[in-house]
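Each chain, written out:
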Amino acid sequence: MFWNKLHIGRVFSVISCDGNVVRGGKFCRKGKMWKMTGFAEAVIAPDNPAAAWKQVARTAGLAEFRVVTGKVAGSSFFRFQSTDMPPVAQRGAVEFELPRHLLATPDKYTSQFCISGKTPETPDGVMVNVAVFPEKSMADFTDDMRQAGVLADRFVHPFLAVDNDLDTLILPEIDPDFGYYGNSWMPIGSEQTVRQNNELWLERLKKSFIFPVKKQFSARDYLPVLLAAEVIVSGKIGNAPDSFKVLPDQVRPVRFRGHLIITALLLAGVIGLLVWRFSLTYGDMIKEYRQITAETKRLKKKTSELKSSIKRNSKEIKEISRIVGTVVGEADAVAEFAVLSERLPGDVLVSSVRWGEKDIDVVVQCEDSNFDFDRHFRSLRYWKVTQQGRQNPDSAVATITLKLSPIEEGK
């Protein structure tokens, strides 16, 4: 609703087609009145009907809000008394009234309606104007529009301008045989009747519109255009825009598509400019930060490698220190072992020998558990038995542990 009011706030155009002639007018707001700032007329050629639409639309159809009107084959118009209610509920009332006012309801049809006055009998009562169109007839009406590339926001039946103040309308270009006389259709009557009715409507329309003063302009010829414009400026479309939707989507303009595209492009440009400005201001700092971050990672990795290397080298150093600290041993160990072997009796078996830093530990086995090794080794020059232990003394073979300690040089 807001967008419809915005479009018709200053300028709108109306194009009418009665099957033979296409006429159009452009209207601009001037104070409380609406001035018809442009008009055009073109005869429809049987071999190229779209040319007339193009010619009129180029002259009088360039406006933000565009409306078409005219003769649609098989269309019907009636009024009925209803209650003031929202457009959605009112449409249900219109559907309910169709069988009562139409001789035969089309299989596929579309309709538009508007409030056209109060009823004095009931406080909430209103009069509703209804126009009904077969879908095929509406498609035929818009074929020439589509071929000419003419788009329109709404179709407005000229009889929707009928209200309680002036409830009679005769338009031979819309219906050549019948006119609408106070809530019913009757034969059109004489030419004088038609002229008088048209003059009444033109006098009323002069209260809302300023007509062109050019000689080629005939207000009577543009009466359907002016009637549709009267419906627009009365606010009926702005108050209930969905009630007038009868045009196929193919001939309706898509609003603000170009604006949205330009907005998106400008927004992308602004974002690009902000990115470029940010790179100029903080580009060097970001580059330096990335270098510092990379260097930090490299140093952390190197530190980890050095710690692993230190740990590994520490183990090697400990092993080397242990090896270095080990006593080399006795250079004459073989000769000493030879002397010990010579002193042992033949029935004694040496199980193990361990030469420490100072002492020699010997484990021997013999049959005599009381054998005195201390006395036996007393003749040795450099060694003496300092400890002697026996195991399994009651068995056939005794195990004896000996510890030989070196004799001090002074002794």
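Our structure is the block above this text.
Note that the structure is a prediction, hence the values are computed from the model and not measured.

Observations regarding helix H9 (residues 333-343)
Among the residues of H9, Ala-333, Glu-336 and Leu-340 are the ones counted as buried. Projected down its long axis, H9 shows its buried positions confined to an angular sector of 65°, all on one face. Every exposed residue of H9 that faces more than 90 degrees away from the buried side is listed here: Val-334, Ser-341 and Glu-342.

Section: the pattern of salt bridges
As enumerated under the stated definition, the model contains 14 salt bridges in all. Where Glu-203 meets Lys-206, a salt bridge forms, and the shortest distance between an N and an O atom there is 3.7 Å. Lys-206 sits in the partly exposed class, given a relative accessible area of 44%. Two residues, Asp-249 and Arg-252, come together in a salt bridge whose shortest N-O distance is 3.9 Å. Linked through salt bridges whose partners overlap, the residues forming this network are Arg-354, Asp-359, Asp-361 and Lys-403.

With respect to the nonpolar core
In this structure, Val-14, Phe-27, Trp-53, Val-68 and Phe-155 are the most contacted members of the largest nonpolar core, which totals 64 residues. Broken down by element, this core gets its largest block of residues, eight residues, from helix H6 (residues 223-233). Counting 16 residues, the second-largest nonpolar core is a separate cluster that includes Ile-360, Val-362, Phe-371 and Leu-404.

Examining the sheet that holds strand E10 (residues 178-181)
A sheet is described by the order of its strands in space; here three strands give the open sequence E9-E10-E11, paired in antiparallel fashion. Looking at strand neighbours, the two that pair on one side only are strand E9 (168-169) and strand E11 (185-187), the edges of this open sheet. Pairing of E9 with E10, which is carried by two bridges, proceeds in the antiparallel orientation. Counted as the bridge partner of Leu-169 is Tyr-180 from E10.

Side note on the side chain of Ser-82
Relative to the elements of secondary structure, Ser-82 occurs in strand E5 (residues 76-83). One polar contact links Ser-82 to Gln-90, side chain to side chain, over a distance of 2.6 Å. In contact with Ser-82, not counting residues within four places along its chain, are Gln-90, Ala-93, Asp-124, Gly-125, Val-126 and Val-128.

Some remarks on the sheet that holds strand E2 (residues 21-30)
Strands pair in a sheet through their backbones, by hydrogen bonds, and they do so in one of two ways: parallel or antiparallel. Within the open sheet, the six strands sit side by side as E8-E4-E1-E2-E3-E12. Their pairing is mixed. Only two strands of the sheet have a single neighbouring strand rather than two, namely strand E8 (154-155) and strand E12 (209-210). In the sheet, E2 pairs with strand E3 (residues 33-43) via ten bridges, with the strands oriented antiparallel. Bridged to Arg-23 within E3 is Glu-41. Helix-sheet contacts for helix H2 (residues 49-60) involve strand E1 (11-17), E2, E3 and strand E4 (65-70), and the interaxial angle to E3 is about 155°. Docked against the sheet, helix H4 (residues 135-148) engages E1, E4 and E8, running at close to 125° with respect to E4.

Conventions and cut-offs
- Residues numbered from 1 in each chain as written.
- Predicted model: local features only at pLDDT ≥ 70, side-chain atom pairs only at ≥ 80, totals over all residues.
- Heavy atoms only, no water.
- Buried < 20%, exposed > 50% of the residue type's maximum accessible area, 1.4 Å probe, protein only.
- Helix = DSSP H or I, 4+ residues; strand = E, 2+ residues; numbered from the N terminus.
- Arc of directions from axis to C-beta.
- Salt bridge = Lys/Arg side-chain N within 4 Å of Asp/Glu carboxyl O.
- Core = buried A, V, L, I, M, F, W, Y, C linked by side-chain atoms within 4.5 Å.
- Pairing = 2+ DSSP bridges.
- Polar contact = N/O pair within 3.5 Å; in protein donor to acceptor, adjacent residues only side chain to side chain.
- Contact = heavy atoms within 4.5 Å.
- Axes fitted to C-alpha atoms, helices over the stretch in contact; angles between N-to-C directions.

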